[in-house]
Amino acid sequence: MKLDSKIPEGPLDKKWTNHKSNIRLVNPANKRNIDVIVIGTGLAGASASASLAEMGYNVKAFCFQDSPRRAHSIAAQGGINAAKNYQNDGDSVYRLFYDTVKGGDYRSREANVYRLAEVSTNIIDQCVAQGVPFARDYGGLLDNRSFGGVQVSRTFYAKGQTGQQLLLGAYSALSRQISKGKVKLYNRHEMVEIVKVDGKARGIIAKNLVTGELERHGAHAVVLASGGYGNVFFLSTNAMGSNGSAAWKAHRQGALFSNPCFTQIHPTCIPVSGTYQSKLTLMSESLRNDGRIWVPKEKEDAEAIRQGKLKPTDLPEEKRDYYLERRYPAFGNLVPRDVASRAAKERCDAGYGVNKTGQAVYLDFASAIQRYGKEEAAVQGLKNPSAQEITDLGKKVVASKYGNLFQMYEKITGDNPYQTPMMIFPAVHYTMGGLWVDYNLMTSVPGLFATGESNFSDHGANRLGASALMQGLADGYFVLPYTIGDYLADDIRTGPISTDSKEFEDAENEIVERTQKLMNAKGKHSVDEYHKKLGLIMWNECGMSRNAEGLKKAMKEIQELRADFWENVKIPGNINEYNPELDKAGRVADFLELGELMCKDALEREESAGGHFREEHQTEEGEAKRDDENYAFVSCWNYKGNPSDAELIKEDLVFENIELKTRSYK
Amino acid sequence: MNLTLKVWRQQNADSKGEMVTYKVSDITPDMSFLEMIDVLNEGILSGDIEDKQNYGPVAFDHDCREGICGMCSMYINGEPHGPGRAVTTCQLHMREFSDGETIYIEPWRAKAFPIIKDLVTDRSAFDRIIQAGGYVSVNTSGNTQDANALPIPKENADAAFDAATCIGCGACVAACKNSSAMLFTSAKVAQLSLLPQGEPEREKRVMDMVKQMDEEGFGNCTNTGACSVECPKEISLENIARMNREFLRANLTSSK
Ligand SMILES: Cc1cc2nc3c(=O)[nH]c(=O)nc-3n(C[C@H](O)[C@H](O)[C@H](O)COP(=O)(O)OP(=O)(O)OC[C@H]3O[C@@H](n4cnc5c(N)ncnc54)[C@H](O)[C@@H]3O)c2cc1C
Ligand code: SF4
Ligand code: FES
């Protein structure tokens with residue numbers, strides 16, 4: 001297979017504008033005759049469906065939740081980046097582009113990232129026009145905060161519920177098109193297969209989750225906006241239903257899967273508390289603006305804290321190790337996620353961890369409360385405020401910034417973070433890898449597009465905070481609706497896609513067979529048991545640090561687990577009814593293949609880059625060591641049956657505008 | 001701890017439901033309520049927990065498990081989302097219960113939210129209320145005016161935000177003796193009426209949304225306030241008052 005990434009000619013800052021003026025368009029009258037299926041109603045899907053419908057296409061939108069508003073984008077907390085430079089701190093499109101490429105450890109495509117930075121400013125305008133209530137300052141203008149890996153304030157936010165507010169904005173735009181009949185919504189529906197006719201994606205098989213019935217839907221193009229696959233680890237910050245199946249089905253139909261091993265482990269999550277644990281909760285990165293991360297300097301103190309004999313608040317300043325500030329003075333607590341996560345693991349592995357398990361570090365707001373308290377006292381003109389007054393004022397300011405996050409923390413742990421430092425630990429959060437797409441966001445299957453977290457395109461080996469929301473909306477509002485026209489221009493005379501063809505019939509039969517096979521296993525073990533086992537293998541061998549031996553072992557273990565699953569899984573109930581265990585089984589079956597491909601990719605990539613840390617490739621100080629000479633490429637895997645047989649195709653990354661440097665945050 | 005659960009079991013929309021008793025053991029205080037249900041379901045699956053009538057695992061809606069998607073929806077001991085204020089079921093932890101307790105678990109009960117199975121209900125009526133007008137009619141384009149061209153007073157922006165934090169869970173309807181959807185509907189109306197972007201469609205929006213709400217079969221509001229008490233996002237009754245004013249105003253202008 002030959003890859004053409006279709007990156008337009010010309011200088012970086014003109015590529016998108018030129019491309020937009022040169023690609024083919026579909027005129028409004030013809031759009032009415034063209035159907036597009038969109039899988040997913042998260043930021044990427046809802047924005048795409050709404051925009052395509054506004055342009056005149058007929059859209060069918062699918063989501064497995066009961067309402068499009070519940071897509072996992074709703075859970076994003078911290079914020080969304082845009083190069084508005086409202087704070088006048090030297091931000092620009094170029095700087096956002098540069099930060100993103102650097103943050104991604106030079107494993108993303110320059111042209112795509114530049115376009116993302118370019119349209120970022122439109123996103124904020126669009127959202128405000130929709131009535132998204134972003135945080136504002138006293139002058140009524142939009143407020144910003146900072147996120148990791150950057151030195152400017154370019155993150156727009158709505159308290160700790162930015163994803164919710166942005167998604168509700170996109171959902172309202174989608175709702176408007178539903179009411180006009182331009183979008184037909186299929187909630188509680190899961191896409192279970194992509195149907196190709198003459199090599200082109202021409203529809204899907206969807207399952208009505210309430211009745212268990214299979215449905216055929218034809219269209220001229222299919223857009224996947226199905227989110228990331230972090231749940232392959234079982235425990236992650238993703239929602240319970242988030243899954244990789246839509247992308248995996250696409251992969252099985254010939255769409256290349258890129259950089260599967262690039263997984264983001266987020267440094268600030270609530271630590272695991274027991275084996276019953278079903279998911280992990282993120283504490284937004286925005287907390288690192290004001291929280292300071294530390295562990296005890298002495299092992300004895302760490303030990304005493306673990307045994308409950310010592311309280312963190314009793315430990316004096318000089319006995320604390322603010323290890324990020326110590327190791328990375330320039331960025332301090334705001335180093336990128338991969339760096340912060342590994343540093344926490346390093347301290348805990350060395351025996352300095354806190355919490356009963358020793359698998360946690362502190363995130364402390366005491367200094368921020370004091371600093372804000374003093375500022376606020378000055379603003380209010382208080383003369384000689386007492387220590388108590390300062391603390392109270394400081395807590396108020398902190399509450400106004402992070403109130404809901406503090407509340408969430410307290411609900412889960414029972415501890416009050418205004419009084420005692422939070423305990424945090426890294427957890428799986430985001431997947432940079434995903435379906436390979438060209439500049440037009442089309443996968444290697446003609447007519448099949450991928451947007452948002454489901455594609456691989458913009459974040460390289462590590463995503464910067466607040467950039468996923470930006471990418472989802474950029475793809476859905478401003479990129480796909482234009483680029484898809486270039487493909488659909490050939491379809492203005494095709495007419496409706498019939499679902500009576502052999503291709504649809506075969507696809508449906510295969511699903512029936514596969515489901516029957518799952519139901520017939522009649523074994524002893526629940527789907528969750530397999531999922532948990534897979535998750536543990538992935539976390540141990542393909543998590544925060546990886547090595548060749550472990551990865552080989554993991555691949556073998558996953559193969560065995562997969563074979564066992566198909567023999568011995570136990571699924572209750574029937575096919576033709578609401579049966580969540582059966583739906584889960586289908587998703588876990590796919591994870592059991594995807595997990596193996598992730599390990600294979602990690603094994604193949606003999607370097608450390610971003611979230612991918614190979615123990616064999618590190619500096620003496622334990623920092624990641626990239627190999628630009630041999631690995632400055634996107635790995636694109638071609639499906640060949642077993643994941644271990646997948647064929648590697650390389651897309652070389654060409655850097656014309658940025659000089660490749662060792663990432664340094666010191 | 002060991003608990004007795006009385007759970008509503010109903011095969012599908014057409015079948016009759018009943019309360020069924022289950023015993024769960026080894027529940028720890030750090031578990032969330034939904035993780036406790038996971039334990040129940042694993043037990044039913046493995047046969048360790050007796051499920052006499054063979055209903056199988058309990059079906060319930062859930063997704064984010066962090067209080068934001070609005071999917072989880074259980075009536076626990078007679079309260080939507082159980083005891084405690086400002087929490088969703090997924091954020092409720094077992095430390096709120098004590099050893100030996102009996103817990104009653106039921107689905108939302110409202111004509112407009114028909115039961116699909118066990119604890120799962122169909123809340124698409126809420127989506128249709130939003131479709132009736134819960135939006136600003138602006139198309140996607142690369143050239144809407146600059147986001148900072150129109151300053152919005154912080155109080156208004158903050159109040160709009162507070163209203164916009166509604167997660168669409170339906171607890172307000174479940175809590176109301178009339179199954180009224182006023183709190184939900186008013187939260188959206190209030191958000192958009194507080195922002196200049198919502199101004200042009202102000203009258204039409206409130207009329208259309210209220211009309212849809214009535215058509216879906218939600219009851220009338222009799223100002224009891226149970227909705228706001230049980231609302232996990234503490235959406236304020238102020239919003240209902242604001243919607244009533246908006247509605248009145250719209251009626252006046254339209255009759256002019
Ligand atoms: C807890 C948390 C906090 C985050 N905070 C931030 C943040 O502050 N800033 C930031 O930039 N990013 C953040 N992220 C990342 C960001 O939220 C996600 O990457 C982004 O929202 C993904 O959007 P999406 O539209 O691609 O997918 P999603 O929002 O996950 O939507 C997926 C959609 O696809 C549907 N779907 C999937 N498979 C199928 C199928 N087979 N059939 C039918 N429908 C299907 C689902 O129903 C859903 O509608 C956060 C992520 C998490 C988990
Ligand atoms: S108003 Fe409150 S209770 Fe009602 S749907 Fe919204 S969040 Fe739920
Ligand atoms: S599961 Fe999302 S709010 Fe409870």
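Residues numbered from 1 in each chain as written. Chains lettered and ligands numbered in written order. Predicted model: local features only at pLDDT ≥ 70, side-chain atom pairs only at ≥ 80, totals over all residues. Heavy atoms only, no water.

**Details of the side chain of glutamine 77 of chain A**
Where we set the bar: Numbering of helices and strands runs from the N terminus; a helix is a DSSP stretch of H or I covering at least four residues, while a strand is a stretch of E covering at least two. Relative accessibility thresholds used throughout: buried, under 20% of the residue-type maximum; exposed, over 50%; partly exposed, between the two (1.4 Å probe, protein chains only). The contact rule is simple, with two residues in contact once any of their heavy atoms fall within 4.5 Å.
On the secondary structure map, glutamine 77 of chain A appears in the loop between β2 (58–62) and β3 (80–81). Since its relative accessible area comes to 3%, glutamine 77 of chain A is described here as buried. Look past the residues within four positions of glutamine 77 of chain A in its chain and what remains in contact with it is Lys159, Gly160, Gln161, Thr162, Leu282, Met283, Ser284, Leu405 and Met408 of chain A together with Glu66 of chain B.

**Focus on the domain arrangement of chain B**
Many descriptions give the size of an interface as the accessible area lost when the pieces come together. Residues and elements named next belong to chain B. Applicable threshold: The split of the chain into domains comes from an automatic or database domain assignment. The term buried area refers to how much accessible surface (probe radius 1.4 Å) is lost by two components on association, counted for both of them together. Whenever a carboxyl oxygen of Asp or Glu lies within 4 Å of a side-chain nitrogen of Lys or Arg, that contact is scored as a salt bridge. Pairing of N or O atoms within 3.5 Å defines a polar contact, subject to two protein rules: one partner must be a possible hydrogen donor and the other a possible acceptor, and residues neighboring in sequence count only if both atoms are side-chain atoms.
Split into domains, chain B comes out as domain 1 (3–116) and domain 2 (124–253). Taking only C-alpha atoms, the centre of domain 1 and the centre of domain 2 are 30 Å apart. Listed as interface residues are 19 residues of domain 1 and, on the opposing side, 20 residues of domain 2. Where domain 1 abuts domain 2, roughly 1400 Å² becomes buried across the two surfaces, and 60% of that area is made up of carbon and sulfur atoms. In this assembly, domain 1 and domain 2 are joined by one salt bridge. Between arginine 85 and glutamate 230 there is a salt bridge, and its shortest N-O distance comes to 3.5 Å. Between domain 1 and domain 2 we count two residue pairs in polar contact (both at pLDDT 80 or more) in total.

**With respect to the sheet that holds strand β9 (residues 221–224) of chain A**
All names here are of chain A. Basically, it comes down to this: Strand pairing follows a simple DSSP-based rule, namely that at least 2 bridges must link the two strands. Axis lines are fitted through C-alpha atoms, for helices just across the contact stretch, and the angle between N-to-C directions can take any value from 0 to 180 degrees.
Taken in spatial order, the five strands line up as β5-β2-β1-β9-β17 in an open sheet, and their pairing is parallel. The sheet is open, and its two borders are formed by β5 (183–186) and β17 (448–450), each paired with just one other strand. Sheet twist, expressed as the mean angle between neighbouring strand axes with direction ignored, is 20 degrees. Two strands pair when backbone bridges link them, and strand β1 (residues 35–39) and β2 are joined in this way by five bridges, in the parallel orientation. From the neighbouring strand, aspartate 35 faces β2, where its bridge partner is asparagine 58.

**Notes on the pattern of salt bridges**
Any two side chains of opposite charge can pair, on the condition that their charged atoms come close. All names here are of chain A. Applying the stated criterion across every chain yields a total of 65 salt bridges over all chains. With a shortest N-O distance of 3.0 Å, arginine 154 and aspartate 99 are connected by a salt bridge. Placement of the pair is arginine 154 in the loop between α5 (110–130) and β4 (155–156) and aspartate 99 in helix α4 (residues 93–103), with a sequence separation of 55 residues. Each member of the pair, arginine 154 as well as aspartate 99, carries the same accessibility label: buried. Here lysine 553 and glutamate 541 are joined by a salt bridge, their closest N and O atoms 3.2 Å apart. Of this pair, lysine 553 sits in helix α16 (residues 548–568) while glutamate 541 is found in helix α15 (residues 527–541), placing the two residues 12 residues apart along the sequence.

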